[in-house]
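Descriptive structure summary
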Amino acid sequence: MNVTLRIQRFNPETDSKPHWEEYPLDVEPSDRLLDALHEVKWHHDGTLAFRRSCAHGICGSDAMTINNVNRLACKVLMGDLGARVTVEPLRGFRIVKDLVVDMEPFFEKYRSIKPYFINYDPDPPTERYQSQEERERYDDTTKCILCAACTSSCPSYWGNREFLGPATIVQAHRFIFDSRDQGANERLEVLNDRDGVWRCRTIFNCTGACPREIKVTQAIGEVKKLLLFNRMV
Amino acid sequence: MYHSFDAIVVGAGGAGLRAALELGRSGSVAVLTKLYPTRSHTGTAQGGIGAALGNVEEDLWEWHMFDTVKGGDYLTDQDAAEILAREAVDTVYELEHWGLPFDRTSDGKIAQRPFGGHTHHFGKGAVRRSCYAADRTGHMILQTLYQQCLRHSVQFFDEYHVVDLLIQDGVACGVVAYQILTGEFHTFRAKAVLLATGGMGRLFRITSNAHALTGDGPAMALRRGIPLEDMEFFQFHPTGIRKMGILITEAVRGEGGILLNDRGERFMERYSPTLLDLAPRDIVSRAIYLEVRNGLGIGGKDYVHLDATHLGRDVVESKLPDIADFCRTYLGIDPATEPMPVQPTAHYAMGGIPTDTDGRVIVDEKNTALPGLYAAGECACVSVHGANRLGTNSLVDLVVFGRRAGRDMARYVRENDFVALPPEPECEACDEAERLLKGTGQERVADIRQELQDLMMDDVGVFRVEEQIAGALSKIGELKSRYQKVALDDRGQKFNTELLEAIELGYLLDLAEVTAASALARQESRGAHSREDYPERDDDHWLKHTLAYQTGEGVELKYKPVSITRFEPKPRTY
């Protein structure tokens, strides 16, 4: 099928602001958008810059704004995108080059909520026990691949870049609701802030953007409820 | 730019991060990765990590060791396999203590399921040994290790592409890295360097491997005079999504899924009467090729069906959720109601940088170590996987030998001082980048890479024969000449990923050459190396490891003995 890729380009060494370029391509409907981007890069214009690695939706490198929706380029098929496909870098982040954005502020926020398992008891000789129900409690948020599709889709984040953003809260949720973890209060202190969970206005863009189908807004809601009604541990 | 650390870790997958956790306790360590750490390919491992915990039925590490040796078609070094099987148990508990969210049994222990080639009582039947977190075990391991590195303030240099290994007077002394964001070269001086760069599946057209997996560590080592071990052994995983190569975990078969040919026959009954669909991967991949060759692929085409429809929706959605997602996304099918079209996909390099069981890189058939240089994970060859790796053992390898390498490096940096860097350490890497940036030829990186991948897939793939391998070797030589005439569109400094792809292609060409040369010389069939002109295993002549060196006159091959401690080689049937 014939399609036109309309890609936002920006070369920091020559351009003062981004511009659009169009690439007519012949693709298979079963091709990933990533395949089409590679077709451009490998056979038409080698200067096009984007991140990618695993190419099947696990590594989280290639989140971008595709026809106005944040998705992974390797997890959307050309047959589902129509004849004109618009591709832009993630919103709310500084553009480094073409589709590559500066991820450092994103990871800095991620690090702020102590995104690691905390348990002050001595390690037992074998595993810690956890019931299947306790394990299920935080399953959804363990799926996060830190692709930033959610945070970059969030109007509250666009409005205020100090907001921790949905991905960071998802990562905190994964530990707060893990029955083995003892760091909930340390994390809740960070999250219980104007720029923490309370900046979320329950717009649900994040849930729609998540390529892992994590119920992001629900997870944020669970953290809010915990802060309001049940300051636990 | 110049940096100095006690230890450098190149690569932020499972092995590199596990080693960094050891190193962070004792001295200064920096982890360099050309991606972000959470993008590493460890994250795509699906089915589980093998360890004889015995949580759901009796299991012993000795059985795990035996399976590893037999799975490797007796090319496995048995001293290393013993360490792998023994320490697997402790490293899995360690991961749990760091918060890894394993699935649980009804009494709250780590859940375990069957996996290919893992047996009880030395081959009597399948055993549940694979510890898992749904079908995203690797994702959980990568996340857990990265999280612990953050907790212990390990320093990361993200998107730094290491392009040279520095060795002075026979001692490793650092690396040169290209900062992708700026295009600047950085020299990292260190007392010890760990190469943990992962696989090289991008040698082949159809692969489960990430685009980033171009064998950077092994190629850099090779160019510095270090041999590569057993490169002729490359694993094709039997169940990749047709054409795309995306992995469909063996756990589908562990949970009860079966392979069917065009007639609806469960053809593994003919190839492996005891383990059936859970035979080791080399055997299942060859079976699929033979079915296809006999016209029994689906519709006479080049694939078969992996059927999980009888498992029920609950099992598919709860135990294999990511697989269900892949099938819906890429195939538009629901695996709970329709079979999956699969074909073998290039998956794992058993070979790599030779090391001893403490991760020290060795440079000859006498096991002489190169001081200060270490390797671990897929880029290394200990050799625990021999001629064919068992499923789940790659994740075990990462944590067991990542930990051991990290510990020995910690000792090494305590006991040794820095050595002098070579003069102008960055110049060779700089010159090569300059040559590529200024190239005026007519060749495109993508064209040469595609031809290389086709060549390796068709002529140095699942089945091999002398004429084809020899032809491939000479064509690789031609591709290497054409590579000298590559021209790039992107001549810029910042985020020049075209330049990086060109550098990576150079690595792949070198690795293809030693792979083909090693495969051509080995006149037997063993594990993943299947010669149609030499269909039998030949222990009298070939029970030995290949060491391939790059020289001015092509590839030079030497051999070293296999460590055999407990299990004498026997015919390998399942």
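Just so we're clear, the structure is a prediction, and the values are computed from it rather than from any experiment.

Enumeration according to the criterion identifies 24 aromatic pairs over all chains in this entry. Ring geometry for F106(A) and F107(A): centres 5.4 Å apart, planes at 85 degrees, overall edge-to-face. Taken as a pair, F106(A) and F107(A) share a single burial class, namely buried. Residues F157(B) and Y160(B) carry aromatic rings whose centres are separated by 5.2 Å and whose planes lie at 75 degrees to one another, so their mutual orientation is edge-to-face. An aromatic cluster is present here, built from F93(A), F106(A), F107(A), Y110(A), Y157(A), Y36(B), Y146(B) and F156(B) joined pairwise through their rings. One Lys or Arg, K558(B), reaches over the ring of Y549(B) and ends 4.9 Å from the middle of that ring.

With that settled, consider the pattern of salt bridges. Residues and elements named next belong to chain B. Across all of its chains, the model carries 84 salt bridges over all chains by this definition. Salt-bridge contacts for R313 lead to E317; the nearest nitrogen and oxygen are separated by 3.3 Å. Residue R313 and its partner E317 are both found in helix α9 (residues 313–319); the two are separated by four residues, about one turn of the helix. For R313, a relative accessible area of 38% puts it in the partly exposed group.

In this section: the sheet that holds strand β10 (residues 228–229) of chain B. The pairing of strands in a sheet comes from backbone hydrogen bonds and takes either a parallel or an antiparallel form. Residues and elements named next belong to chain B. In space, the three strands of this open sheet follow the order β10-β21-β22, with antiparallel pairing throughout. The outermost strands of the open sheet, each flanked by one partner alone, are β10 and β22 (554–561). Pairing between strand β21 (residues 544–551) and β22: eight bridges, direction antiparallel. Within β22, the position partnered with K544 by the bridge is P561. Sitting on the sheet, helix α5 (residues 216–223) is in contact with β10 and β21, with an inclination near 65 degrees to β21.

With 69 residues of chain A at the contact, the number on the chain B side is 59 residues. Across the chain A to chain B interface the summed buried area is about 5300 Å²; carbon plus sulfur atoms make up 50%. Per-residue buried area on chain A facing chain B is highest for W42(A), H56(A) and E127(A); these three make up 13% of the total on that side. The tally of links between chain A and chain B comes to seven salt bridges. Of the charged contacts in the structure, one is a salt bridge between K97(A) and D490(B), with a shortest N-O distance of 2.8 Å. Summed over the shared surface of chain A and chain B, the number is 36 residue pairs in polar contact (both at pLDDT 80 or more). Looking at the side of chain A that touches chain B, the elements that each hand over two or more residues are α1 (33–43), β6 (95–97), α2 (104–112), α3 (132–137) and α6 (166–176) of chain A. By residue number, the principal contributor to the side of chain A that touches chain B is α1(A), which donates five residues. Per-class residue counts for the side of chain A that touches chain B are 31 nonpolar, 17 polar and 21 charged.

This brings us to the confidence of the model for chain B. Residues at a pLDDT of 70 or more form 100% of chain B, whose mean pLDDT is 97. Of the two predicted TM-score estimates for the complex, the pTM is 0.97 and the ipTM is 0.97.

Space inside the largest pocket adds up to approximately 1200 Å³. Considering the residues around the largest pocket, the lining is formed by 44 residues, among which R32(A), D35(A), R205(B), K243(B) and M244(B) are closest to the centre. Looking at which element gives the most residues to the lining of the largest pocket, the answer is α1(A), with seven residues. The calculated volume of the second largest pocket comes to roughly 580 Å³. Lining of the second largest pocket is provided by 24 residues; of these, D73(B), R286(B), S525(B), P535(B) and R572(B) occupy positions nearest its centre.

All names here are of chain A. The domains assigned to chain A are domain 1 (2–101) and domain 2 (104–230). With 12 residues of domain 1 in contact, the opposing surface of domain 2 contributes 14 residues. Between domain 1 and domain 2 the total buried area reaches about 1100 Å² when both faces are included, carbon and sulfur atoms providing 59% of it. Summed over the three residues of domain 1 that lose the most area to domain 2, namely N70, G92 and F93, the buried surface amounts to 44% of that side.

This paragraph deals with the environment of L290(B). Residues and elements named next belong to chain B. Assignment of secondary structure puts L290 in helix α8 (residues 281–293). Between the alpha carbons of L290 and F233 there is a distance of 19 Å; along the sequence they are 57 residues apart. The contact partners of L290, leaving out residues within four places of it in the chain, are Y271 and F463.

Before going further, it helps to examine the side chain of K41(A). Structurally, the position occupied by K41(A) is in helix α1. One buried charged side chain, K41(A), makes no salt bridge at all; its nearest oppositely charged neighbour is E501(B), positioned 4.7 Å away. Separated by 2.9 Å, the side chains of K41(A) and T497(B) make a polar contact.

Positionally, A470(B) belongs in helix α14 (residues 466–483). Accessibility expressed as a relative area gives 33% for A470(B), which makes it partly exposed.

The subject of this paragraph is the domain arrangement of chain B. All names here are of chain B. Split by domain assignment, chain B resolves into domain 1 (237–344) and domain 2 (427–544). A separation of 30 Å is found between the C-alpha centroids of domain 1 and domain 2. Taken together, the contact pairs six residues of domain 1 with seven residues of domain 2. Among the residues domain 1 hides against domain 2, the three largest losses belong to R286, Y289 and R293. Together they make up 72% of the total. Inspection of the domain 1/domain 2 interface yields one salt bridge. With a closest N to O distance of 2.8 Å, R293 and E532 form a salt bridge. There are two residue pairs in polar contact (both at pLDDT 80 or more) connecting domain 1 and domain 2. It is α8 that provides the largest number of residues to the side of domain 1 that touches domain 2, a total of five residues. Looking at the side of domain 1 that touches domain 2, its residues break down into three nonpolar, no polar and three charged.

Residue and element names in this part refer to chain A. Summed over the entire model, instances satisfying the criterion amount to zero disulfides over all chains. Distance from the sulfur of C210, which forms no disulfide, to the nearest cysteine sulfur (C147) is 6.5 Å. On the accessibility criterion, C210 (13% relative accessible area) is buried.

Residue and element names in this part refer to chain A. It is at 9 Å that the axes of α6 and helix α9 (residues 216–229) come closest, and there the two elements cross at 60 degrees. Comparing the axis directions of α6 and α9 gives the class oblique. Crossing of α6 over α9 shows left-handed handedness. Residues P166, I169, V170, H173 and I176 of α6 lie in contact with α9, whose contacting residues are V216, A219, I220, E222, V223 and L226. In terms of residue class, the contact of α6 with α9 is built from nine nonpolar, one polar and one charged.

Once that is clear, we can look at empty space enclosed by the protein. Across all of its chains, the model carries 10 cavities of 30 Å³ or more by this definition. Surrounding the second largest cavity, 18 residues form its lining, R52(A), K34(B), L35(B), T497(B) and L500(B) being those nearest its centre. Here the element with the most residues in the lining of the second largest cavity is helix α15 (residues 497–521) of chain B; it accounts for four residues. Its residues placed into classes, the lining of the second largest cavity shows seven nonpolar, three polar and eight charged.

Bringing the pairing of strand β14 (residues 340–349) of chain B into the picture now. Residue and element names in this part refer to chain B. Of all 10 residues that make up β14, 10 are buried, and the element is covered over most of its length. Taken together, the six bridges between strand β11 (residues 234–241) and β14 define a ladder with antiparallel strand orientation. Bridging from a neighbouring strand, Q235 pairs with Y348 of β14. The pairing of strand β13 (residues 304–307) with β14 spans three bridges and is classified as antiparallel. In the strand pairing of β14, H305 is matched with P341.

The rules behind each value
- Residues numbered from 1 in each chain as written.
- Chains lettered and ligands numbered in written order.
- Predicted model: local features only at pLDDT ≥ 70, side-chain atom pairs only at ≥ 80, totals over all residues.
- Heavy atoms only, no water.
- Phe/Tyr/Trp six-rings, centres within 6.5 Å; stacked < 30°, edge-to-face > 60°.
- Buried < 20%, exposed > 50% of the residue type's maximum accessible area, 1.4 Å probe, protein only.
- Lys NZ or Arg CZ within 6 Å of the ring centre and 35° of its normal.
- Salt bridge = Lys/Arg side-chain N within 4 Å of Asp/Glu carboxyl O.
- Helix = DSSP H or I, 4+ residues; strand = E, 2+ residues; numbered from the N terminus.
- Pairing = 2+ DSSP bridges.
- Contact = heavy atoms within 4.5 Å.
- Axes fitted to C-alpha atoms, helices over the stretch in contact; angles between N-to-C directions.
- Buried area = accessible area lost by both parts, 1.4 Å probe.
- Polar contact = N/O pair within 3.5 Å; in protein donor to acceptor, adjacent residues only side chain to side chain.
- Nonpolar A, V, L, I, M, F, W, Y, C, P; charged D, E, K, R; others polar.
- pLDDT = per-residue confidence, 0-100.
- 1 Å grid on protein atoms, 1.4 Å probe; cavity = no way out; pocket = protein on both sides within 12 Å on 5 of 7 lines; lining within 4 Å.
- Points joined across faces, edges and corners; volume = space filled by probe spheres on them.
- Domains from an automatic or database assignment.
- Lys, Arg positive; Asp, Glu negative; His and termini not counted.
- Disulfide = S-S within 2.5 Å.
- Parallel < 35°, antiparallel > 145°, perpendicular 65-115°, else oblique.
- Left-handed = near helix turned anticlockwise from the far one by under 90°.

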